[in-house]
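Okay, here's what each chain looks like letter by letter:
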Amino acid sequence: MNIILFGAPGAGKGTQSSLLVETLDMFQISTGDLFRAAIKNKTQLGSQAQSYMDKGQLVPDSIVIGMVEEVLASKKVDFILDGFPRNVSQAEALDGLLQKLGLDVSRAIFLEVPMSILSARLTGRRVCKSCGSVYHIESKPTAKFGVCDNCGGEVVQRNDDKEDVIATRLKTYEEATSPLKDYYKKTGKFVAIDGNRSPEIVFSEIKRQLSN
Ligand code: AP5
Ligand code: MG
């Protein structure tokens, strides 16, 4: 089963993808993670993406779509698209890619979280530089300050989790990504889940939807 997981910055897409990967052996395709890996590895893709990400803007479609096509061509089943598509033109491009590759997605799951909650989730988030594990200074702190529980790596704040950049990301979400709700409602694949509950409850709701 292939799914799209979408929602605002901080809605919990990465958190829920990790649970799906661990429990259902699905494969996560996070465009944000792919860009961060490219930046870390100092590739051309990374240098193209960085200036947009640091400002909280979307990386141009021409760059993102090519990257996703490459990954989809190699990972054909049980994937979770996390953070892609992010606007209607990417959704249209995805439809074309899926058709070309003989693939399909069965659900477009929207994680619904009030705007008033998102900012605190993002400013408090910390991530492991080595394995990417996600923490929160209040709701999910590491056992030892600054050290990843999972791999012992250094736990840091993401560059784009600063208040001014967060404001731009939330605005970009409203303008560009929010219209995807209507796009997927028309396909009959749209499922909205209340993401303002504990990660475990949100996850069981996602699993319930996937088994329907
Ligand atoms: P990306 O990395 O995708 O960032 P995002 O969409 O802004 O989403 P986040 O990763 O910030 O949030 P999340 O929903 O994964 O939440 P998480 O689970 O971590 O993209 C970054 C940038 O890359 C973009 O700004 C853009 O520049 C570029 N980009 C990426 N894709 C692109 C595309 N397709 N096109 C163009 N540009 C693109 O949770 C957040 C925090 O909340 C954590 O601390 C977590 O512990 C906590 N939390 C999670 N769930 C819960 C819960 N249920 N209750 C309480 N706390 C929770
Ligand atoms: Mg994420």
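Quantities reported herein were computed from a predicted structural model and do not represent experimental measurements.

*Asks:* Honestly, the sheet that holds strand β7 (residues 155-156) in this entry has me stumped. Any pointers?
*Replies:* Two strands in a sheet stick together by hydrogen bonds in their backbones, pointing the same way (parallel) or opposite ways (antiparallel). Strand order across the open sheet formed by three strands is β6-β5-β7, with antiparallel pairing between neighbours. Two strands lie at the open edges of the sheet, namely β6 (134-136) and β7, each paired on one side alone. Along the sheet, helix α6 (residues 115-123) makes contact with β5 (125-128) and β6, crossing β5 at roughly 40°.

*Asks:* Explanation requested: the layout of surface pockets in the structure shown.
*Replies:* Where empty space is left becomes clear once a probe the size of a water molecule has been rolled over the atoms. Roughly 160 Å³ of volume is contained in the second largest pocket. Along the walls of the second largest pocket sit Arg 126, Tyr 135, His 136, Ile 137, Pro 141, Thr 142, Ala 143, Lys 144, Phe 145, Gly 146 and Val 155, which together make up its complete lining. Looking at side-chain class alone, the lining of the second largest pocket contains six nonpolar, three polar and two charged residues.

*Asks:* Mind showing me how you'd approach the sheet that holds strand β4 (residues 107-112) here?
*Replies:* One open sheet holds the five strands; their spatial order is β2-β3-β1-β4-β8, and the pairing between them is parallel. Two strands lie at the open edges of the sheet, namely β2 (27-30) and β8 (190-194), each paired on one side alone. Each strand of the sheet is rotated relative to its neighbour by a mean of 25°, with strand direction disregarded.

*Asks:* Looking at this structure, I do not really get the nonpolar core. What am I missing?
*Replies:* As a rule of thumb, nonpolar side chains are buried together in soluble globular proteins. Among the nonpolar cores identified, the biggest contains 50 residues, and Leu 72, Tyr 184 and Ile 206 are the most heavily contacted of them. Among the elements that take part in this core, helix α4 (residues 61-74) stands out by supplying seven residues, more than any other. Residues contacting Ile 206, with those up to four places away along its chain left out, are Leu 5, Gln 16, Leu 20, Ile 109, Leu 111 and Ile 193.

*Asks:* I keep staring at the site of ligand 1 and nothing clicks. Help me out?
*Replies:* Close to ligand 1 lie 35 residues; Thr 15, Gln 57, Arg 86, Arg 125 and Arg 169 are nearest. Taking Gly 14, its main chain carries an N or O atom lying 2.9 Å from an oxygen atom of ligand 1. In the environment of ligand 1, an oxygen atom lies 2.8 Å from a nitrogen or oxygen atom belonging to the backbone of Tyr 135. Look at ligand 1: alone it shows 1,000 Å² of surface, and the protein chains cover 94% of it. Going through the elements one at a time, α1 (13-24), α2 (31-40), α6 and β6 are the ones with two or more residues in the shell around ligand 1. When residues in the shell around ligand 1 are grouped by element, the largest group, four residues, is from α2. Partitioning the shell around ligand 1 into residue classes produces 13 nonpolar, 13 polar and nine charged.

*Asks:* How should I be thinking about the environment of Lys 13 in this particular structure?
*Replies:* Counting through the fold element by element, Lys 13 comes out in helix α1. Judged by relative accessible area, which is 10%, Lys 13 ranks as buried. Contact partners of Lys 13, with chain neighbours within four places excluded, come to Leu 5, Phe 6, Gly 7, Ala 8, Asp 82, Gly 83 and Leu 111. Looking at Lys 13, its side chain comes within polar contact range of the main-chain oxygen of Ala 8, at 3.0 Å.

*Asks:* Got a minute to help me understand the packing of aromatic side chains in this structure?
*Replies:* Aromatic ring pairs are described here by two measures, namely the spacing of the ring centres and the angle between the planes. One pass over the structure, following the stated rule, counts five aromatic pairs. Where Phe 110 meets Phe 190, the ring centres are 6.2 Å apart and the plane angle is 25°; that geometry is what we call stacked. Linking Phe 110 in strand β4 with Phe 190 in strand β8, this pair joins segments that are 80 residues apart in sequence. Plain terms: the ring middles of Tyr 183 and Tyr 184 are 5.1 Å apart, the flat faces sit at 80° to each other, and that makes the pair edge-to-face. Summarising the burial analysis for this pair, Tyr 183 and Tyr 184 share the class buried. Joined through ring pairs, the aromatic side chains of Phe 6, Phe 110, Tyr 183, Tyr 184 and Phe 190 make up one cluster.

Rules of the game
Residues numbered from 1 in each chain as written. Chains lettered and ligands numbered in written order. Predicted model: local features only at pLDDT ≥ 70, side-chain atom pairs only at ≥ 80, totals over all residues. Heavy atoms only, no water. Pairing = 2+ DSSP bridges. Helix = DSSP H or I, 4+ residues; strand = E, 2+ residues; numbered from the N terminus. Contact = heavy atoms within 4.5 Å. Axes fitted to C-alpha atoms, helices over the stretch in contact; angles between N-to-C directions. 1 Å grid on protein atoms, 1.4 Å probe; cavity = no way out; pocket = protein on both sides within 12 Å on 5 of 7 lines; lining within 4 Å. Points joined across faces, edges and corners; volume = space filled by probe spheres on them. Nonpolar A, V, L, I, M, F, W, Y, C, P; charged D, E, K, R; others polar. Core = buried A, V, L, I, M, F, W, Y, C linked by side-chain atoms within 4.5 Å. Buried < 20%, exposed > 50% of the residue type's maximum accessible area, 1.4 Å probe, protein only. Near = heavy atom within 4 Å. Polar contact = N/O pair within 3.5 Å; in protein donor to acceptor, adjacent residues only side chain to side chain. Areas by Shrake-Rupley, 256 points an atom, 1.4 Å probe, with all protein chains shown as cover. Phe/Tyr/Trp six-rings, centres within 6.5 Å; stacked < 30°, edge-to-face > 60°.

Function cannot be read off these values alone, since they describe shape.
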